[in-house]
Amino acid sequence: MSSIPENIYLVKQVRELDRLAIEKCGIPGYTLMCRAGKAAFDLIQATWPEAGNIAVLAGPGNNGGDGYVIARLALAAGRQVSVIPSGDHSGLTGDAGRARKDYLDNGGRCTDFADDVLSGCDLVVDALLGSGLARPVEGTFAAAIQAMNTHPVPILSIDVPSGLDADNGWALGEAVTAQATITFVGMKLGLLTGAGRHHAGRLFYDDLQIPGEVFESVPACCDRLSLDGLHARIGQRPLNAHKGSFGHVLLIGGNSGMAGSIALAAQAAARTGSGLVSIATVEQHAGLMVSACPEVMVHGIHGVDELAALIRRASVVAIGPGLGRDQWARDLLAKVLELDLPTVVDADALNLLALDPVYKENWILTPHPGEAAHLSKVSVAQIQQRRLEYVQAVQKQYGGVCVLKGSGTLIASGDRVSVCTAGNPGMASGGMGDVLTGITAGLLAQGMGLYDAARFGVELHAQSADIAAREGMRGLLASDLFQPLRTLVNASGG
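Along each chain, the written sequence defines residue order, and numbers are assigned to residues from 1. Predicted model: local features are reported for residues with pLDDT of at least 70 only, side-chain atom pairs are reported and counted for 80 or more only, and whole-chain, interface and lining totals are derived from all residues. With hydrogens and water stripped out, all remaining heavy atoms of the structure feed into the side-chain values.

## Details of the overall build of the protein chain
Part 1: The way it works is that DSSP assigns letters per residue, a run of H or I at least four long becomes a helix, a run of E at least two long becomes a strand, and they are numbered from the N terminus. Secondary structure assignment for the protein chain yields 19 helices and 20 strands.
Part 2: For the protein chain, whose C-alpha radius of gyration is 26 Å, the value lies close to the compact-globule estimate of 23 Å for 494 residues.
Part 3: Considering only C-alpha atoms, the protein chain reaches an extent of 80 × 45 × 40 Å along its principal axes.
Part 4: Exposure categories follow from relative accessible area, calculated using a 1.4 Å probe and restricted to protein chains: below 20% of the type maximum is buried, above 50% is exposed, and the middle band is partly exposed. Split into buried and exposed, the 494 residues of the protein chain put 56% on the buried side.
Part 5: Contacts are assigned to residue pairs with any non-hydrogen atoms lying within 4.5 Å of each other. Sequence separation of at least 24 residues holds for 71% of the intrachain contacts in the protein chain that already meet a minimum separation of 6.
Part 6: Residue burial considers only the protein chains on display, and all accessible areas are found by Shrake-Rupley using a 1.4 Å probe. Working note: accessible area of the protein chain is about 19,800 Å², and carbon and sulfur atoms make up 49% of it. Only C-alpha atoms enter the radius of gyration, while the globule expectation follows 2.2 Å times N to the 0.38, with N the number of residues.

## Brief notes about the pattern of salt bridges
Once the charged atoms of two side chains with opposite charge are near each other, the side chains can pair.
Part 1: Salt bridge criterion: a side-chain nitrogen from Lys or Arg within 4 Å of a carboxyl oxygen from Asp or Glu. All told, the structure shown has 11 salt bridges when counted by the stated rule.
Part 2: When the shortest N-O distance is used, the salt bridge between R455 and D223 registers 3.0 Å. Of this pair, R455 sits in helix α18 (residues 450–468) while D223 sits in strand β11 (residues 222–224); the two residues are 232 residues apart in sequence, bridging distant segments of the chain.
Part 3: Accessibility expressed as a relative area gives 14% for R455, which makes it buried.
Part 4: The partner of R386 in a salt bridge is E389, and the shortest N-O contact between them spans 2.8 Å.
Part 5: Its relative accessible area of 41% is what places E389 among the partly exposed residues.
Part 6: Via salt bridges that share partners, E16, R19 and E23 belong to a single interconnected network.

## What about the sheet that holds strand β2 (residues 53–58)?
Part 1: Here, a strand pair is defined by DSSP locating no fewer than two bridges between the strands. Pairing within the open sheet is parallel, and its six strands lie in the order β3-β2-β4-β5-β8-β10. Of all strands in the sheet, those bounded by a partner on one side alone are β3 (80–85) and β10 (202–206). The sheet shows a mean angle of 20° between the axes of neighbouring strands, taken without regard to direction.
Part 2: Where strand β5 (residues 155–158) meets strand β8 (residues 180–184), three bridges bridge the pair, whose relative direction is parallel. Counterpart to L156 in the pairing with β8 is A180. Axis definition: a line fitted to C-alpha atoms, over the contacting stretch in the case of helices. Angles run 0 to 180 degrees between N-to-C directions.

## Digging into the side chain of S274
Part 1: Among the structural elements, S274 can be located in the loop between α9 (259–272) and β13 (276–281).
Part 2: Judged by relative accessible area, which is 8%, S274 ranks as buried.
Part 3: Residues in contact with S274, not counting those within four places in the same chain, are F246, G247, H248, V249, A269, G442, A445 and Q446.

## Some details on the packing of aromatic side chains
Part 1: What counts as a ring pair is set by centres within 6.5 Å for rings of Phe, Tyr and Trp (its six-membered ring), and what kind of pair is set by the plane angle: stacked under 30 degrees, edge-to-face over 60, tilted for all other angles. One pass over the full model with this rule turns up one aromatic pair.
Part 2: Measuring from centroid to centroid gives 5.8 Å for Y68 and Y103, while their planes differ by 50°, and the two rings are tilted. You can see Y68 sitting in helix α3 (residues 62–76) and its partner Y103 sitting in helix α4 (residues 94–105), a full 35 residues away along the chain.
Part 3: Take Y103: its relative accessible area is 0%, and that puts it in the buried class.
Part 4: Geometrically, a lysine NZ or arginine CZ counts as sitting over a ring once it is within 6 Å of the ring centre and also within 35 degrees of the ring normal. Between R237 and the ring centre of F246, over which it is positioned, the NZ or CZ distance is 3.7 Å.

## Some details on helix α11 (residues 304–311)
Part 1: All of the buried residues in α11 are L307, A308, L310 and I311. Buried residues in α11, looked at end-on, bunch into an arc of 165°, giving them a common side.
Part 2: Here the buried face of α11 lies against β12 (248–252), β13, β14 (297–300) and α12 (327–336). Picture the helix axis, draw a direction to every C-beta atom, and the arc is the one those directions span.

## Structural notes on the pairing of β3
Part 1: Here β3 lies mainly inside the structure; five of its six residues are buried.
Part 2: Where β2 meets β3, six bridges bridge the pair, whose relative direction is parallel. When the bridges of β3 are listed, V56 appears paired with V83.
Part 3: As for the winding sense of the linkage, the β-α-β connection from β2 through α3 to β3 is right-handed. By convention, orient the strands away from the viewer: a clockwise path from the first strand over the helix to the second makes the crossover right-handed.

## Describing the nonpolar core
Part 1: Residues belong to a common nonpolar core when they are buried Ala, Val, Leu, Ile, Met, Phe, Trp, Tyr or Cys residues joined through side-chain atoms within 4.5 Å. Among the nonpolar cores identified, the biggest contains 102 residues, and I44, I158, I182, F184, L189 and I252 are the most heavily contacted of them.
Part 2: Looking at which element gives the most residues to this core, the answer is helix α2 (residues 29–47), with nine residues.
Part 3: Excluding residues that lie within four positions of it along the chain, F184 makes contacts with V14, A36, A39, A40, D66, I158, D159, Y205, D206 and L208.
Part 4: Membership of the second largest hydrophobic core comes to 58 residues, among which are I234, V403, M448 and L476.

## A closer look at the environment of G438
Part 1: Note on placement: G438 falls in helix α17 (residues 432–445).
Part 2: Distance from G438 to G64, taken between C-alpha atoms, is 48 Å for residues 374 residues apart in sequence.
Part 3: When sequence neighbours within four positions are dropped, the list of residues in contact with G438 reads A265, A268 and A269.

## Quick look at the sheet that holds β11
Part 1: A sheet is described by the order of its strands in space; here 12 strands give the open sequence β9-β1-β11-β20-β19-β18-β17-β16-β15-β12-β13-β14, paired in mixed fashion. Lying at the two open borders of the sheet, with one neighbouring strand each, are β9 (187–188) and β14.

## Points about the environment of G87
Part 1: Among the secondary structure elements, G87 is positioned in the loop between β3 and α4.
Part 2: On the basis of relative accessible area, G87 is assigned to the partly exposed category, the value being 46%.
Part 3: C-alpha of G87 to C-alpha of F141: the two residues are 54 residues apart in sequence and 8.0 Å apart in space.

## Thoughts on the pairing of β13
Part 1: A large share of β13 lies buried, amounting to five of its six residues.
Part 2: Relative to β13, β12 runs parallel, the two being bridged by five bridges. Following the sheet pairing, H248 is matched in β13 by L276.
Part 3: Handedness of the crossover is the feature at issue here: the chain leaves β12, passes through α9, returns alongside β13, and the resulting connection is right-handed.
Part 4: Across four bridges, the pairing between β13 and β14 is parallel. Paired with S278 across the two strands is M297, which belongs to β14.

## What about the packing of helix α13 (residues 347–355) against helix α14 (residues 369–376)?
Each pair of packed helices can be summarised by the angle the axes make with each other and by the distance between the axes.
Part 1: At a minimum axis separation of 8 Å, α13 and α14 run at an interaxial angle of 20°. In terms of orientation, α13 and α14 fall into the roughly parallel class. Crossing geometry of α13 relative to α14 is assigned as left-handed. Contacts between α13 and α14 pair A347, L350, N351, L353 and A354 from the former with E371, H374 and L375 from the latter.
Part 2: When grouped by side-chain class, the residues that make up the contact of α13 with α14 number five nonpolar, two polar and one charged. Comment on the angle field: the value is read as roughly parallel under 35 degrees, roughly antiparallel over 145, roughly perpendicular from 65 to 115, and oblique elsewhere. Two helices crossing with the near one rotated counterclockwise from the far one by less than a right angle form a left-handed crossing, whereas a clockwise rotation gives a right-handed crossing. Residues are grouped as follows: Ala, Val, Leu, Ile, Met, Phe, Trp, Tyr, Cys and Pro are nonpolar; Asp, Glu, Lys and Arg are charged; every other residue, Gly included, is polar.

That's the geometry; what it means functionally is another story.
Given below as structure tokens:
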């Protein structure tokens, strides 16, 4: 059993890994099933050693076969076990049928599903529906999921929480909310993005001893972000460095009543290591921002003529935090769209861009699902149901790099996609996106390419929030990220 691997897969890719392991490496399917069952039972032994009464809800496919293996091992270890089948198991064939027979031959018993069937158990194993689910859960399966979710004991899901779309992290009607999930062969993207992280709980992975050459022959759909390599890309600071050595970020926004957004972005750019940071905002906010951020140069501007002079001194532009959607905002965005400078586009700038789409290669777009819905002319639900598809679609339509924020943030650039597995629900507070904009711009200013700046920016942002959340998620503020952000950047050699 190991931590979340770097390579992340779609269901069809995991099926291909399975096929190659069986057909090319000669590993029998039942051997893989027994390995999966043993890995799951070993996890039970380590995590719930006092669980003496285990209920296994088993479906009619290979996921249910894993459940029968777990039940057989639990019986052999002296635990009380009951398998509760859903669907018709009397005619089970293949590996799942063999697993059922082995369980019954070893003294196992099955119990018909009923409202009180889980009464008395102190651990539920969800082996109901596997990763191939493609339509909403109904009937007995839905009732079984409801029973699991309402029973007050831990749930361990096998491979994927039943009812979860394993590609997209979307609940297909009813879905199990597990305390832990152990997944096999390949890490499924749907466990890491959208609602998947909530339904999966604590995540465990086992490759079932499949040889490395099998994984080398099947390209992954995306990779998992980490801070590995940040130091190499951001570089050591020479002893004779000066503030002009690390770029000049110009942040544009902070319309009437929204000064805090652009101030947060500016402080984040500075804390990430940008040598110089300037703000272009409405005139009435200039004095306030100078007081709040004395290290940042603040300019109150009326329109594009004043902005042009600031752009000439900038190496990177970020626009959107607190920008608004009035004529002032529209004029400034139009000017930015003329530039060849690396640019980060967020918040209201994205909503304005959606009204008149433009394609550019030299920018990073950072939409949350609502902004992505505007950019794609679809609903938020559609975005969340197919996050991978839409992060790639937005990137293809608008160019550059697209960062689709949310639980399990996705970053797309051409055929390359990354997923962030850090971060926490405490980040659901105002200003978090503004901080990400500033971090990303700060990395661009220090010479990173677009894709690297987006990837490392997202990971720095999420890991900073995880450190800050050690004191509690409730009440976590965007500005709480600044100190851990500085620590992480410097821990990486900056």
